[in-house]
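Now for the letters of each chain:
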Amino acid sequence: MISFINKSSRLTKVVAFLLLSSLVSVNLSCKKMLDVESTRLATEEAQWKNLQDTRSGLMGIYNLMRTALGNNNAHWLWGEMREGDFTASSKSDLKAIIRSDLNASYPLIQNITNWRSFYAVINSASLFIERSGEVVAKDPRYSKLNNKVDIAQARALRAFAYFYMVRIWGDVPLITASHDGTFEGKPRTDQAKVLGYAESELIAAAKDLPYRYGVDGDAELPGLYYGYNYGRWAGALFTKISAYAIMSHIAAWQSHYLDAAVYSQFVMENYKSSNLEYVTTAQLTASDGIFNGQDARIPVGFTFSDTYGESTSGGHIEQLVLAEPLIAKQIPDLYVSKDTINKAFTETKDGRFGIDTLSGLTRTNYFLNYSGQIPVFSKIKVLRGGTTSGSFVIFSSSIAFTRLEELALLRAEALAVLGQRQPAIDLLNIIKKNRGTKSFNDLEGLDLINEIFAERRRELMGEGWRWYDRIRLAKIKGDDAKFNKLIAEKGIYWPIAKDVLKANGQLVQNSYWK
């Protein structure tokens, strides 16, 4: 969701400085990603004098969030690979993550169990909330309305960072002021309190967030936004729909399904106001489809737009899963086995993947080389300009947290839990129809909850949801003794990095990983 560098403004100078101090190990961009230390720039008195300062400060928060998710491809390692559908071909660290051996002494695991980058987001957002209002009195171009909308985005980003961390580590330190941004000396806060805070922040932010930015004549936020029209900001910034989407997930994660139903109802009733829409299978899997750069159909996501020079070699699932014939790499690091593919995709007419039982022909929008030994997961394959090749490949795909299909299935989940079967079935069948599969019929005696999660598995494969979906399903059904024991023992969370524990004596390691 973010590509913000305006090369003709002071923002360029700020970002250029940030880039010089970026983490080399992140490998997220060719000198375009922001290091977590970049928030130090915001402490300079010169930062809060004019419109360019507020813009650079706000865009810096988005970029820090993108870094937190993309560093070491963590978004997918946290949410997709742990005991998921993917198999590691050779790398021992990836194999350890897949089998939940998270105490293994691999640099990759130590890096992605360190929450420092999320607190850089939180500190930067808190500082913006505290200081950006000073610019209203100093620069007449920066209106109170502009500042109100900007602060709403900062609050939403901070809330999103807390929700994301809770799903990974459970209890985390709750810090709401910028001077505490280093979190040294802060104990962990009960996750229920952290999520309650995040939810309240999103409720407040949603009141001020618009559905769209830069629309002339718009009642909520009229005219250009930071000098640009809607085309520049569509799919780049958090909107009112973004806030309600995150609130829906916060509620579902806590099994507060009545709240999840209320929040997701708002999304379903108003998504068109933000130009969201359901996508075809072709739009889902094409190299120039929904995951390509900046797309308004992704309400919560972070983009690497090639248009603005943000294509990168890391921070993309393609780096892990692609191989020949798409890139010059013989075997992907991660792949979905044929057995898993056949178990997940059971219908011949499924546009994502299906095998005709008579002819043996396959529909392979999600996979290439199915007839070979190792299929290549090619659902997301946004190579820059479609021309890059070789061992150093550049990608432009976005990190998509959610999209309309995911939110429809989440709402179906909430309604099914609440006993509202027919509305849940209707939403499930929207997705099934769009993918060419048989509609769910309540007269066939199938388990509705299981069918919803099976559809989520197919539709959202490779988008970072599998682990979290397994947790929610186990909580709902309660019939997976081994997994429910893992939940009870808090083994679903990740250990805290040794470096973090060493820096803060008040922190205690997650009990399961002691």
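Fair warning: this is a prediction, and the values are worked out from it, not measured in the lab. (Residues numbered from 1 in each chain as written. Predicted model: local features only at pLDDT ≥ 70, side-chain atom pairs only at ≥ 80, totals over all residues. Heavy atoms only, no water.)

### Things to note about the overall build of the protein chain
Applicable threshold: Going along the chain from the N terminus, every DSSP run of H or I of four or more residues is numbered as a helix, and every run of E of two or more is numbered as a strand. We call a residue buried when its accessible area falls under 20% of the maximum for its residue type, exposed when it is over 50%, and partly exposed in between, using a 1.4 Å probe and counting protein chains only. Residue contacts are defined here by distance: any two heavy atoms, one from each residue, within 4.5 Å place the two residues in contact. Surface accessibility in these figures is a Shrake-Rupley result with a 1.4 Å probe; residues are shielded only by whichever protein chains are displayed.
The number of helices and strands found in the protein chain is 21 helices and 8 strands. When the 514 residues of the protein chain are sorted by exposure, 61% land in the buried category. Across the protein chain, every contact between residues at least 6 apart in sequence was considered, and the portion connecting residues at least 24 apart equals 69%. Summed over its atoms, the accessible surface of the protein chain is roughly 19600 Å², and 50% of this surface lies on carbon and sulfur atoms.

### Regarding helix 9 (residues 191–208)
As a reminder of what qualifies: Expected helix span is computed as 1.5 Å times (number of residues minus one). Distance and chemistry together define a polar contact, namely a pair of N or O atoms within 3.5 Å, with one atom able to donate a hydrogen and the other to accept it when in protein, and with adjacent residues in sequence counting only for side-chain atoms on both sides.
The end-to-end C-alpha distance of helix 9, which contains 18 residues, comes to 26 Å, matching closely the 26 Å that a straight helix rising 1.5 Å per residue would cover. All of the buried residues along helix 9 are Gln191, Val194, Leu195, Tyr197, Ala198, Glu199, Glu201, Leu202, Ala204, Ala205 and Ala206. The opening residue of helix 9 is aspartate 190, an N-cap whose side-chain oxygen sits 2.9 Å from the backbone nitrogen of alanine 192.

### Let's talk about the packing of aromatic side chains
Condition: Here a Phe, Tyr or Trp ring, Trp counted by its six-membered ring, pairs with any other such ring whose centre lies within 6.5 Å, and the pair is stacked when the planes are under 30 degrees apart, edge-to-face when over 60, and tilted otherwise. Two limits define a charge over a ring: the Lys NZ or Arg CZ must be within 6 Å of the ring centre, and within 35 degrees of the ring normal.
In total, this model carries 37 aromatic pairs according to the counting rule given. Pairing phenylalanine 345 with phenylalanine 367 gives two aromatic rings, centres 6.0 Å apart and planes at 85 degrees, and the pair type is edge-to-face. Pair noted here: phenylalanine 345 is in the loop between helix 15 (338–344) and strand 4 (354–355) and phenylalanine 367 is in strand 6 (residues 367–368), with a separation of 22 residues, a long-range link. Summarising the burial analysis for this pair, phenylalanine 345 and phenylalanine 367 share the class buried. A cation over an aromatic ring shows up here: arginine 232 above the ring of tryptophan 233, its NZ or CZ 5.4 Å from the ring centre. Against the face of tryptophan 253 rests lysine 475, its NZ or CZ located 4.9 Å from the ring centre.

### A word on the packing of helix 9 against helix 11 (residues 240–253)
Under the convention used in this document: Fitted lines through C-alpha atoms give the axes, limited to the stretch in contact for helices. The angle between two N-to-C directions lies from 0 to 180 degrees. Any angle from 65 to 115 degrees is called roughly perpendicular, while one under 35 is roughly parallel, one over 145 is roughly antiparallel, and all others are oblique. When the near helix sits turned anticlockwise from the far one by under a right angle, the crossing is termed left-handed; a clockwise turn instead gives a right-handed crossing. Residues are grouped as follows: Ala, Val, Leu, Ile, Met, Phe, Trp, Tyr, Cys and Pro are nonpolar; Asp, Glu, Lys and Arg are charged; all remaining types, including Gly, are polar.
The contact between helix 9 and helix 11 brings their axes to 9 Å, and the two run at 160 degrees. Classified by the interaxial angle, the pair formed by helix 9 and helix 11 is roughly antiparallel. Regarding helix 9 and helix 11, the two cross each other, and that crossing is left-handed. Along its contact with helix 9, which presents Gln191, Leu195, Ala198, Glu199, Leu202, Ile203, Ala206 and Lys207, the element helix 11 presents Lys240, Ala243, Tyr244, Ile246, Met247, Ile250 and Trp253. In the contact of helix 9 with helix 11, the residues fall into 11 nonpolar, 1 polar and 3 charged.

### Considering the nonpolar core
One broad trend across soluble globular proteins is that nonpolar side chains are buried collectively. What counts here: Here the nonpolar core consists of buried residues drawn from Ala, Val, Leu, Ile, Met, Phe, Trp, Tyr and Cys, with membership extended through side-chain atoms lying within 4.5 Å.
Of all hydrophobic cores here, the largest spans 160 residues; its most connected members are Met65, Trp78, Phe118, Phe160, Tyr162 and Trp169. Broken down by element, this core gets its largest block of residues, 16 residues, from helix 8 (residues 144–169). With sequence-adjacent residues up to four places away left out, phenylalanine 118 is seen in contact with Met65, Ala68, Leu69, Trp78, Ala161, Tyr164, Met165, Ile168 and Trp169.

### Digging into helix 20 (residues 481–488)
Heads up, the condition is: An arc is given here, and it is the one of the directions from the helix axis to the C-beta atoms.
Where helix 20 is concerned, the buried positions are Phe483, Leu486 and Ile487. The buried side chains of helix 20 occupy one side of the element, clustering within an arc of 100 degrees when seen end-on. Projecting away from the buried face of helix 20 at angles above 90 degrees are the exposed residues Ala481, Lys482 and Ala488. Against the buried residues of helix 20 lie helix 19 (466–477).

### Brief notes about the packing of helix 8 against helix 11
In contact at an axis separation of 11 Å, helix 8 and helix 11 are set at 30 degrees when each is read in the N-to-C sense. Our classification of the angle between helix 8 and helix 11 gives roughly parallel. In this structure, helix 8 crosses over helix 11, and the sense of that crossing is left-handed. For the pair helix 8 and helix 11, the contacting residues are Phe160, Phe163, Val166 and Arg167 in the first and Ile246, His249, Ile250 and Trp253 in the second. For the contact of helix 8 with helix 11, the residue count by class is 6 nonpolar, 1 polar and 1 charged.

### Comments concerning the confidence of the model for the protein chain
In plain terms, the rule: A residue's pLDDT is the confidence the predictor assigns to it, expressed on a 0 to 100 scale.
Confidence along the protein chain averages 89 in pLDDT terms, with 88% of residues attaining 70 or more. Of the regions scoring below 50 in pLDDT, residues 2–43 engages in 105 contacts with residues more than four places distant in sequence or in other chains.

### Notes on unusual backbone geometry
Of note, the bond from glutamate 324 into proline 325 is cis; its omega dihedral lies within 30 degrees of zero at 15 degrees. One non-glycine residue, glutamate 83, lies in the positive phi region at around 50 degrees. You can see glutamate 83 is positioned in the loop between helix 3 (74–81) and strand 1 (86–88). By relative accessible area, glutamate 83 is classed as partly exposed at 30%. Phi at lysine 490 takes a positive value of approximately 65 degrees, unusual for a residue other than glycine.

### Remarks on a nonpolar patch on the surface
This is how it is decided: Residues enter a patch when their relative accessible area is above 30% and they make no salt bridge; the linking distance is 9 Å between like charges and 5 Å between nonpolar side chains (Val, Leu, Ile, Met, Phe, Trp, Tyr). In the sections that follow, a salt bridge refers to a side-chain nitrogen of Lys or Arg positioned within 4 Å of a carboxyl oxygen of Asp or Glu.
A cluster of nonpolar side chains, contributed by Leu258, Val262 and Leu418, occupies part of the molecular surface with about 270 Å² of accessible area. Examined against the element boundaries, leucine 418 turns out to sit in the loop between helix 16 (404–417) and helix 17 (421–434). Leucine 418 gets classed as partly exposed once you look at its relative accessible area, which sits at 34%.

### A closer look at the pattern of salt bridges
Under the defined criterion, the tally for this structure stands at 36 salt bridges. With a closest N to O distance of 3.6 Å, glutamate 277 and arginine 297 form a salt bridge. Highlighted residues: glutamate 277 in the loop between helix 12 (257–270) and helix 13 (281–285) and arginine 297 in the loop between helix 13 and strand 2 (300–302), separated in sequence by 20 residues. Of the residues examined, glutamate 277 reaches a relative accessible area of 39% and is grouped as partly exposed. Of the charged contacts, one joins aspartate 447 and lysine 477 as a salt bridge, the two residues approaching to 2.5 Å between their closest N and O atoms. Separated by 30 residues along the polypeptide, aspartate 447 in the loop between helix 17 and helix 18 (448–459) and lysine 477 in helix 19 bring together distant segments of the chain. The structure contains a network of salt bridges with shared partners spanning Asp350, Arg352, Lys379, Arg403, Glu405, Lys432, Arg435, Glu455, Arg458, Glu459 and Glu463.

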